[in-house]
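# Structural overview
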Amino acid sequence: MLRRCPVAFAPRMMRAVKITAYGGPEKLAVTNIQRPVLETGEVLVKVAATSINRGDIAQRKGLYPPPLGVTDTPGMEFSGTVVDMEASLEDAPGYVPEIGSRVMGIVAGGGYAEYVAVPASLCIPVPSAISLTQAAAIPETYLTAFQAMHHHAGLLPDKAGAAQYGAGLKTRPPAAALGRRYRMLVHAGASGVGIAACQIAKLFEITSITTSSEAKVEACQQWATYAVSRTPNESGDVFAEKVEAAVGKSGVDLIIDPVFGGRYLQEDGQLLAMDGTVVVLSFLGGSKTELDGPTFFQRRATIRFSALRNQSDFYKTSLTQAFRARIMPYIQSGKIKPVVAKTVSLDQIQDAHRMVEANELTGKCVVVVDPKLAEK
Ligand SMILES: NC(=O)c1ccc[n+]([C@@H]2O[C@H](COP(=O)([O-])OP(=O)(O)OC[C@H]3O[C@@H](n4cnc5c(N)ncnc54)[C@H](OP(=O)(O)O)[C@@H]3O)[C@@H](O)[C@H]2O)c1
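Definitions and cut-offs
- Residues numbered from 1 in each chain as written.
- Predicted model: local features only at pLDDT ≥ 70, side-chain atom pairs only at ≥ 80, totals over all residues.
- Heavy atoms only, no water.
- Axes fitted to C-alpha atoms, helices over the stretch in contact; angles between N-to-C directions.
- Helix = DSSP H or I, 4+ residues; strand = E, 2+ residues; numbered from the N terminus.
- Parallel < 35°, antiparallel > 145°, perpendicular 65-115°, else oblique.
- Left-handed = near helix turned anticlockwise from the far one by under 90°.
- Contact = heavy atoms within 4.5 Å.
- Nonpolar A, V, L, I, M, F, W, Y, C, P; charged D, E, K, R; others polar.
- 1 Å grid on protein atoms, 1.4 Å probe; cavity = no way out; pocket = protein on both sides within 12 Å on 5 of 7 lines; lining within 4 Å.
- Points joined across faces, edges and corners; volume = space filled by probe spheres on them.
- Domains from an automatic or database assignment.
- Phe/Tyr/Trp six-rings, centres within 6.5 Å; stacked < 30°, edge-to-face > 60°.
- Buried < 20%, exposed > 50% of the residue type's maximum accessible area, 1.4 Å probe, protein only.
- Lys NZ or Arg CZ within 6 Å of the ring centre and 35° of its normal.
- Buried area = accessible area lost by both parts, 1.4 Å probe.
- Salt bridge = Lys/Arg side-chain N within 4 Å of Asp/Glu carboxyl O.

### With respect to the packing of helix 7 (residues 240–247) against helix 8 (residues 264–271)
Their axes nearest at 10 Å, the elements helix 7 and helix 8 cross at an angle of 25°. Classified by the interaxial angle, the pair formed by helix 7 and helix 8 is roughly parallel. Pair helix 7 / helix 8 crosses with right-handed handedness. Contacts between helix 7 and helix 8 involve Ala 240, Val 243 and Glu 244 from the first element and Glu 267, Gln 270 and Leu 271 from the second. Grouping the constituent residues of the contact of helix 7 with helix 8 by class yields 3 nonpolar, 1 polar and 2 charged.

This is the structure:
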């Protein structure tokens, strides 16, 4: 099979978003920069679309620098078509996407651009059921949700039964052995990650409960088994009482927590089942918290700080492979549909950041880089 074709047509320069100085959305500018040069094992993707992630906003503010050696062009995901590949891939074993094929995936940076260079092993074929615009809403949020549920908490056992999780250190008994469904609590339930986690939970018969602002509770009910607001009650309790009323006192097996600060982590602890896991994704509610040790100790709890961006390519490849096998069939069959809340052009990047930062959306903000390609 001929995998390679000349790319004389691909210009050496490309349009890309740069952060001109740390600060507000006005610090983002579309400029011309050099197209990435392929390194060993990489393919060149002509980007159809990318999406806004909170990490991009933190990077713009100077709070989340790209990992060492990674481009400072923001953007942690892409969809597009493969236009070139590094020579060693021509007869490499394993999955290598063909020239011209539609792919999506995560990158540690560089997604807000016309071209992105990405290890072939991190490419995910885009199923025929979805457009490249929809595909751009998938990689970062669904891989993050899947990683929390599968790798960190062991809630998605294969047919053989018990799931190994936490680097194979623990084995979670199958739900049948517990005599109940697994239960998962997701904070910021209307976020891209929250929606993805609840959609996956539904397919695997996991009971899900979300917390969100009052205004988004109704939206969350579309995906979650239960949805409660994060408006504190008179005693200052943010969500623990409401979650307990919904799912009972025996607790939840996994909490996906991008909020952390204030009372979140402590209330998480009160809600955990035995051997429960809290996956901390970020610090929307602040980076400081008080923690009552015995609450977590008595439940043999795991608090897992999870950062996907700076993981090794080796780790990301294994995560991507597991995701392709376990979740992609549901995207192909239409059982999982990514939620695109807004589509903007690359030139509207400042508005896109403003909307996401103001929590205006429920679902993903997709940035279309190549409108014709994105429709495909
Ligand atoms: N560590 C990782 O590898 C990783 C990977 C992906 C994402 N993340 C993190 O996961 C989170 C979700 O990402 P996303 O892209 O899916 O986000 P998103 O779609 O932009 O949604 C974020 C939601 O967070 C809620 N929120 C904002 N401030 C809050 C606060 N102080 N307390 C409680 N909720 C608050 C808002 O909903 P309400 O209106 O309901 O408040 C908002 O809609 C982000 O914080 C992101 O940085 C981490």
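### Concerning the layout of surface pockets
Roughly 1500 Å³ of volume is contained in the largest pocket. Of all the elements in the fold, those that place two or more residues in the lining of the largest pocket are helix 1 (54–60), helix 3 (139–152), helix 5 (192–203), strand 11 (207–212), helix 12 (349–357) and strand 17 (364–368). A breakdown of the residues in the lining of the largest pocket according to their chemical character gives 22 nonpolar, 18 polar and 8 charged. Mapping the lining of the largest pocket onto the domain boundaries places at least three of its residues in each of domain 1 (13–138 + 315–375) and domain 2 (142–305). Counted as a void, the second largest pocket has a volume near 580 Å³.

### What about the packing of aromatic side chains?
Where two aromatic rings form a pair, the distance of their centres and the angle of their planes describe that pair. Tallied over the full model, the rule gives 5 aromatic pairs. Here Phe 204 and Tyr 330 contribute two aromatic rings whose centre-to-centre distance is 5.9 Å and whose plane-to-plane angle is 75°, an arrangement assigned as edge-to-face. Of this pair, Phe 204 sits in the loop between helix 5 and strand 11 while Tyr 330 sits in helix 11 (residues 328–332), and the two are 126 residues apart along the sequence. On the basis of relative accessibility, which here comes to 24%, the residue Tyr 330 falls in the partly exposed class. Through successive ring pairs, a cluster of aromatic residues spans Phe 260, Phe 283 and Phe 305. Geometry around Tyr 115 places Lys 46 over its ring, the cationic atom sitting 5.4 Å from the centre. The lysine or arginine in question, Arg 309, covers the ring of Tyr 64, its NZ or CZ lying 4.7 Å from the ring centre.

### Overview of the packing of helix 3 against helix 10 (residues 313–326)
It is at 10 Å that the axes of helix 3 and helix 10 come closest, and there the two elements cross at 90°. In terms of their interaxial angle, helix 3 and helix 10 are classed as roughly perpendicular. Residue-level contacts link Tyr 142, Leu 143, Phe 146, Gln 147, His 150, His 151 and His 152 of helix 3 to Tyr 315, Ser 318, Leu 319, Thr 320, Ala 322, Phe 323 and Arg 326 of helix 10. The residue inventory of the contact of helix 3 with helix 10, partitioned by class, reads 7 nonpolar, 6 polar and 1 charged.

### As for the domain arrangement of the chain
Interfaces are often sized by the accessible area lost when the parts come together. Taken as a whole, the chain is organised into domain 1 (13–138 + 315–375) and domain 2 (142–305). Averaged C-alpha coordinates put domain 1 and domain 2 at centres separated by 27 Å. Contact with domain 1, which involves 24 residues of that partner, is made by 21 residues of domain 2. Both sides of the domain 1 and domain 2 interface together cover about 1900 Å² of buried area, and 70% of this is carbon and sulfur. Considering only the side of domain 1, the residues that lose the most area to domain 2 are Leu 319, Arg 326 and Thr 362, jointly responsible for 29% of the buried surface there. Taken together, the connections running from domain 1 to domain 2 amount to 0 salt bridges.

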